[in-house]
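Close look at the chain arrangement
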2 protein chains.
Amino acid sequence: MEPKEILKNKGIKITKGRTEILSILKNSENSLSAEKIYQIYKSNNININLSTVYRTLELFEEKEIIEKITLNDGVFSYKLKGKTHRHHLECDICHKEVEIPCPMLQIQELVQNATGFTLTDHDLVMKGVCKDCKKKQ
Amino acid sequence: MEPKEILKNKGIKITKGRTEILSILKNSENSLSAEKIYQIYKSNNININLSTVYRTLELFEEKEIIEKITLNDGVFSYKLKGKTHRHHLECDICHKEVEIPCPMLQIQELVQNATGFTLTDHDLVMKGVCKDCKKKQ
DNA sequence: ATGTATGCAAAGTATTTGCACAATC
DNA sequence: GATTGTGCAAATACTTTGCATACAT
């Protein structure tokens, strides 16, 4: 889907900045920081302000177009939301269940940074104890 | 093992600040931010400077006593290193292998923040493609 | 006694915000 | 034309650093 179409579907007013930032994100395999997006934007000889970049990213995140993750460098990075699946997590003790969005996006980035490997698939099973049962232990 | 003993083993000069910060970390189940450690420290009616806290944490991280992770609030948190295992990652194409430290510590904290669940165990299998093979694709 | 740790103040980096002007629908 | 977006400058939040003094070995 075209960037403009995506914006329209989400009820976001179309501006040059938003369209451009969205296509920068679409064209990137890795997550990008606000600063990096700003650099790429400017390298196309168009002007934009860094705070506009931040505001746009904030908006995209609210509208669930992108995901904000933090790598281990203390900088936020942003990445288009893919088909996001969820994981079940069941308390070992009382068997209460919760669902969480798959946390692997973050791991993918960490692994890519550390090793250069691009993750293509994963299988993650987690075991845990819920807050209430933890207290009673 | 006692905080002072740990410091001694690692060849770190023993000071009141270091000993205290280490025992704060030992007594906490969750990861703690520098600011939180600072608050706890002062709530014991002892004085310390926030930059000393940061410097101490940096030292502990270098000496591999603690691990620095970042949650989704943009603040670094620190946690005692447990028995850290590693994961194998094999390239789907050329079968080259790399090892990475388990990236789940960060995820554990994220899950705990989001759901209250304390993870007790996990099984993580990852598949991926190395940088070189990725390029050739 | 020597080398290292700490407190303090100031700088650095990433991100957010207020306001006036500009662009979109 | 009304509403919303953007640039600019300043503010904020977290972390790091330089320097003089204090402490541990």
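Residues numbered from 1 in each chain as written. Chains lettered and ligands numbered in written order. Predicted model: local features only at pLDDT ≥ 70, side-chain atom pairs only at ≥ 80, totals over all residues. Heavy atoms only, no water.

Listed as interface residues are 40 residues of chain A and, on the opposing side, 40 residues of chain B. In this assembly, chain A packs against chain B so that about 3000 Å² is buried in total across both faces, 66% of it on carbon and sulfur atoms. Remark: the boundary between chain A and chain B carries two salt bridges. A salt bridge links Lys134 of chain A to Glu29 of chain B, with the nearest nitrogen and oxygen atoms 3.3 Å apart. In this structure, the connection of chain A to chain B is made through 15 residue pairs in polar contact (both at pLDDT 80 or more). Breaking the side of chain A that touches chain B down by element, the ones donating at least two residues are β2 (66–70), β4 (86–90), β5 (97–101), α5 (104–115), β6 (118–129) and α6 (131–136) of chain A. Residues of the side of chain A that touches chain B, tallied by class, amount to 19 nonpolar, ten polar and eleven charged. (Contact = heavy atoms within 4.5 Å. Buried area = accessible area lost by both parts, 1.4 Å probe. Salt bridge = Lys/Arg side-chain N within 4 Å of Asp/Glu carboxyl O. Polar contact = N/O pair within 3.5 Å; in protein donor to acceptor, adjacent residues only side chain to side chain. Helix = DSSP H or I, 4+ residues; strand = E, 2+ residues; numbered from the N terminus. Nonpolar A, V, L, I, M, F, W, Y, C, P; charged D, E, K, R; others polar.)

On the surface, a cluster of negative charge is made up of Glu90, Asp92, Glu97, Asp121 and Asp123 of chain A together with Glu90, Asp92, Glu97, Asp121 and Asp123 of chain B. Listing elements by their share of the negative patch, those giving two or more residues are β6 of chain A together with β6 (118–129) of chain B. Residue position: Asp92 of chain B is located in the loop between β4 (86–90) and β5 (97–101). (Patch = residues over 30% accessible without salt bridge, like charges linked within 9 Å, V, L, I, M, F, W, Y side chains within 5 Å. Areas by Shrake-Rupley, 256 points an atom, 1.4 Å probe, with all protein chains shown as cover. Lys, Arg positive; Asp, Glu negative; His and termini not counted. Charge placed at Lys NZ, Arg CZ, Asp CG, Glu CD.)

It is worth spelling out the relation of the copies chain A and chain B at this point. Once chain A is rotated about the relating axis by 180 degrees and shifted along it by 0.1 Å, it coincides with chain B to within an RMSD of 0.2 Å. The transformation relating the two chain copies, once decomposed into turn and shift, fits a two-fold axis. The rotation axis passes nearest to the C-alpha of Leu124 of chain A in chain A, at a distance of 2.2 Å. Looking at the interface residues of chain A, 100% of them are also at the interface in chain B, so both copies use one shared face. (Least-squares fit on C-alpha atoms with pLDDT ≥ 70 in both.)

Our next topic: the pattern of salt bridges. All names here are of chain B. Evaluated as defined, the whole model comprises ten salt bridges over all chains. The salt bridge involving Lys79 is made with Glu109; its shortest N-O contact spans 2.6 Å. Of this pair, Lys79 sits in strand β3 (residues 76–80) while Glu109 sits in helix α5 (residues 104–115); the two residues are 30 residues apart in sequence, bridging distant segments of the chain. Side by side, Lys79 and Glu109 carry an identical accessibility label, which is buried. (Buried < 20%, exposed > 50% of the residue type's maximum accessible area, 1.4 Å probe, protein only.)

Another point: the UniProt feature "binding site: Zn(2+)" (unreviewed entry) in chain A. UniProt feature "binding site: Zn(2+)" (unreviewed entry): in the numbering of this structure it lies at Cys91, Cys94, Cys130 and Cys133 of chain A. Their sequence span is 43 residues, while the largest C-alpha to C-alpha distance among them is just 8.3 Å; these annotated residues converge on one region. Structurally, Cys91 of chain A is set in the loop between β4 and β5. Beyond its immediate sequence surroundings of up to four residues, Cys91 of chain A is in contact with Lys96, Gly128, Val129, Cys130 and Cys133 of chain A together with Phe117 of chain B. Among the secondary structure elements, Cys130 of chain A is positioned in the loop between β6 and α6. With relative accessibility at 1%, the residue Cys130 of chain A sits in the buried group. With residues up to four places along the chain from it excluded, the contact list for Cys130 of chain A reads Cys91, Cys94 and Lys96 of chain A together with Gly116 and Phe117 of chain B. (UniProt positions renumbered as here; feature names shortened; annotations may be inferred.)

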